[in-house]
Amino acid sequence: MVYSSPDAVDFSLADCPSLPRPGRVVLTTPTHFDVEYVINPHMSNNVGQVNKAVAFQQWKALRAAYTALDVEPIVATGQSGLPDMVFCANQTFPYYDPDTNTHGVVLSRMHANERTPEVPYYADFFKQQGFEIQRLPEDLDADFEGMGDAIWHPARRVVWGGYGFRTTPEAYEALSDRLDAPVMLLRLTDPDFYHLDTCFCPLNEDTVLIAAEAFDESGRALIDRFFDTVIEAPDEEARHQFACNAHCPNGTHVLIQEGCDQTNRRLRAHGFRPVELDTSEFLKSGGSVFCMKQMIW
Ligand code: ARG
């Protein structure tokens, strides 16, 4: 089932099956990362502006941050000619069934033609990891950009699904059927927040960090219905420093672009521990921590 306003929701999180926290992280080498085309507003004026040596250092610091938090990195190899492949959250949507110990991914159908050839590389990568590979129905006319737009609610079999710029809402009916999980639909209204992960970062089962400007009224009402605590990042930090493209792998530490001072103050006030990382080269492409990793079980 797909829900787009709280009125239709007749269950609570406690009614939904629990889901363990994923413990491993996929990271993709940035050797071929660059800004070569413009498919989101952050990329304009940045074509050819990436410092590759700096990007590689920033990526290594991200990898080290996961290792330091005991999250095991599994490294995929970026391919020449695919400058956005480093954003490994976008080509797949991982799932896990604890009852049957089934690991799998649903493959994305990229909205951006430039990024379509990234998907088969990840299909092979996850096949080699022993994952089940699922595709959306052949005859379904829909775009789907994986965990750029679809995000598991922490600890519960519930999916949050953003649409409006990349993923189309039709994809979520199919995803919900495939995974037997309800999808909470959030319409994205501001092109700077073109993927759900640019404006919506669940930190734990009760708490989410959001960019309030990115949502319409029913979306906001759905968020308020399911999270007891909604931390708002200031517009400036969310829009230009990708404060909400952060990641909380363990319920406490929040890996976040450095310099999001007000956001960090708000996170600390709720007991979280910001871990600041510089992802400035990747911001030039419209990405930061959340989309540079894919958590798997
Ligand atoms: N240049 C990439 C694109 O526009 C950046 C993707 C960042 N990923 C994300 N989930 N926000 O597709």
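We now turn to the structure provided with this report. Because the structure is predicted, anything quoted here is derived from the model rather than measured. The numbering scheme is per chain: residues are counted from 1 as the chain's sequence reads. This being a predicted model, a pLDDT of at least 70 is required before a residue's local features are given, and a value of 80 or more before pairs of side-chain atoms are given or counted; all residues contribute to the totals for chains, interfaces and linings. For side-chain calculations, the full set of non-hydrogen atoms in the structure is used, while hydrogens and water are omitted.

### Topic: helix H3 (residues 170–179)
Helical geometry: 3.6 residues make up each α-helical turn, so side chains three or four residues apart lie on a common side.
Next up, step 1: Burial classification: accessible surface area is computed with a 1.4 Å probe over protein chains only, and a residue below 20% of its type maximum counts as buried, one above 50% as exposed, and the rest as partly exposed. The secondary structure listing takes helices from DSSP runs of H or I that are at least 4 residues long and strands from runs of E that are at least 2 residues long, numbered from the N terminus. Of the positions making up H3, those classed as buried are Ala-171, Tyr-172, Ala-174, Leu-175, Ser-176 and Leu-179.
Next up, step 2: Residues count as neighbours in contact if any of their non-hydrogen atoms are within 4.5 Å of one another. Buried residues belonging to H3 abut strand E1 (2–3), strand E4 (92–97), strand E5 (102–107), strand E7 (150–152), strand E8 (159–163) and strand E9 (183–187).
Next up, step 3: Backbone geometry just downstream of H3 places Asp-180 in the positive-phi region, at approximately 50°.

### Thoughts on a negative patch on the surface
Next up, step 1: What goes into a patch is any residue over 30% in relative accessible area without a salt bridge, connected to like charges within 9 Å or, for nonpolar side chains (Val, Leu, Ile, Met, Phe, Trp, Tyr), within 5 Å. In this description, accessible areas are obtained by the Shrake-Rupley approach with a 1.4 Å probe, and a residue is regarded as covered only by the protein chains that are shown. Salt bridges are identified by distance alone: a Lys or Arg side-chain nitrogen within 4 Å of an Asp or Glu carboxyl oxygen. The charged-residue count follows a simple rule in which Lys and Arg add positive charge and Asp and Glu add negative charge, with His and chain termini not counted at all. Note that the charge is assigned to NZ on lysines, CZ on arginines, CG on aspartates and CD on glutamates. Together, Asp-141, Glu-170, Glu-173, Asp-177 and Asp-180 make up a region of like negative charge exposed at the surface.
Next up, step 2: With respect to the helices, strands and loops of the structure, Glu-170 is situated in helix H3.
Next up, step 3: According to the relative accessible area criterion, Glu-170 is partly exposed, its value standing at 40%.

### Considering the site of the ligand
Next up, step 1: In the vicinity of the ligand lie 17 residues, with Asn-40, Arg-115, Arg-166, Asp-197 and Ser-285 positioned nearest.
Next up, step 2: Nitrogen and oxygen atoms within 3.5 Å of one another constitute a polar contact, given that in protein one can donate a hydrogen and the other can accept it, and given that sequence-neighbouring residues count only through two side-chain atoms. In the environment of the ligand, an oxygen atom lies 2.7 Å from a nitrogen or oxygen atom belonging to the side chain of Arg-115.
Next up, step 3: The side chain of Asp-197 places a nitrogen or oxygen atom 2.6 Å from a nitrogen atom of the ligand.
Next up, step 4: Considered on its own, the ligand offers 350 Å² of accessible surface; in the complex 100% of this is hidden by protein. The nearness test applies per residue and asks whether one of its heavy atoms lies within 4 Å of the molecule or strand.

### Brief notes about the pattern of salt bridges
Next up, step 1: On inspection of all chains with the given rule, the structure shows 11 salt bridges.
Next up, step 2: Between Asp-192 and Arg-239 there is a salt bridge, with the nearest N and O atoms lying 2.9 Å from each other. Of this pair, Asp-192 sits in the loop between E9 and strand E10 (200–204) while Arg-239 sits in helix H5 (residues 235–241), and the two are 47 residues apart along the sequence. Take Asp-192 and Arg-239: they sit in the same class, and that class is buried.
Next up, step 3: When salt bridges with common partners are traced through the structure, they connect Asp-190, Asp-192, Asp-235 and Arg-239 into a single cluster.

### Thoughts on the pairing of strand E11 (residues 207–210)
Next up, step 1: The alternating pattern of E11 places Thr-207 and Leu-209 on one face and Val-208 and Ile-210 on the opposite face, and all of these are buried.
Next up, step 2: We treat two strands as partners when DSSP finds at least two bridges between them. In the sheet, E10 pairs with E11 via four bridges, with the strands oriented antiparallel. From the neighbouring strand, Cys-201 faces E11, where its bridge partner is Leu-209.
Next up, step 3: What sits between E10 and E11 in their antiparallel hairpin is a turn of two residues.
Next up, step 4: Sheet topology note: the E11/strand E12 (residues 229–232) ladder contains four bridges and is parallel. If you follow Val-208 over to E12, its bridge partner there is Val-230.
Next up, step 5: Seen with its strands pointing away from the viewer, a crossover is right-handed when the path leading from the first strand over the helix to the second is clockwise. With respect to chirality, the unit in which E11 leads through helix H4 (residues 217–226) into the neighbouring parallel E12 is right-handed.

### Comments concerning the packing of aromatic side chains
Next up, step 1: Stacked, tilted and edge-to-face pairs are distinguished by plane angle, under 30 degrees for stacked and over 60 for edge-to-face with tilted covering the rest, among Phe, Tyr and Trp rings (Trp via its six-membered ring) whose centres lie within 6.5 Å. In total, this model carries 17 aromatic pairs according to the counting rule given.
Next up, step 2: Here Phe-87 and Phe-282 contribute two aromatic rings whose centre-to-centre distance is 6.3 Å and whose plane-to-plane angle is 90°, an arrangement assigned as edge-to-face. Placement of Phe-87 in the loop between strand E3 (72–76) and E4 and of Phe-282 in helix H7 (residues 280–283) is noted, with a sequence separation of 195 residues between them. For the pair shown, Phe-87 and Phe-282 are each scored as buried.

### A look at the sheet that holds E3
Next up, step 1: The strand order across the open sheet built from three strands is E3-E2-E15, with neighbouring strands paired in mixed fashion. In the strand order of this sheet, the two ends are held by E3 and strand E15 (294–296), each with one partner. Geometrically, the sheet is characterised by an average inter-axis angle of 30° between neighbouring strands, direction not taken into account.
Next up, step 2: Here three bridges tie strand E2 (residues 24–28) to E15, and the two strands are oriented antiparallel to one another. Opposite Val-25, over in E15, you have Met-295 as the bridge partner.
Next up, step 3: Helix axes are fitted only over the stretch in contact, all axes being lines through C-alpha atoms; the angle between N-to-C directions runs from 0 to 180 degrees. Contacting E2 and E3, helix H1 (residues 52–68) crosses the sheet at an angle of about 170° to E2.
Next up, step 4: Across the sheet, helix H2 (residues 118–128) touches E2, E3 and E15, and the angle it forms with E3 is around 130°.

### Focus on the nonpolar core
The tendency in soluble globular proteins is for nonpolar side chains to be buried as a group.
Next up, step 1: Residue types Ala, Val, Leu, Ile, Met, Phe, Trp, Tyr and Cys, when buried and joined through side-chain atoms within 4.5 Å, form a set referred to as a nonpolar core. If you look at the biggest cluster of nonpolar residues, it comprises 86 residues, and the most contacted ones within it are Phe-93, Trp-160, Phe-200 and Phe-215.
Next up, step 2: Once residues within four sequence positions are removed from consideration, Phe-200 is found in contact with Ile-151, Trp-160, Leu-186, Val-208, Leu-209, Ile-210, Phe-215, Ile-223, Phe-227 and Cys-244.
Next up, step 3: Residues Ala-76, Leu-107, Tyr-122 and Ile-296 belong to the second largest nonpolar core, which totals 16 residues.

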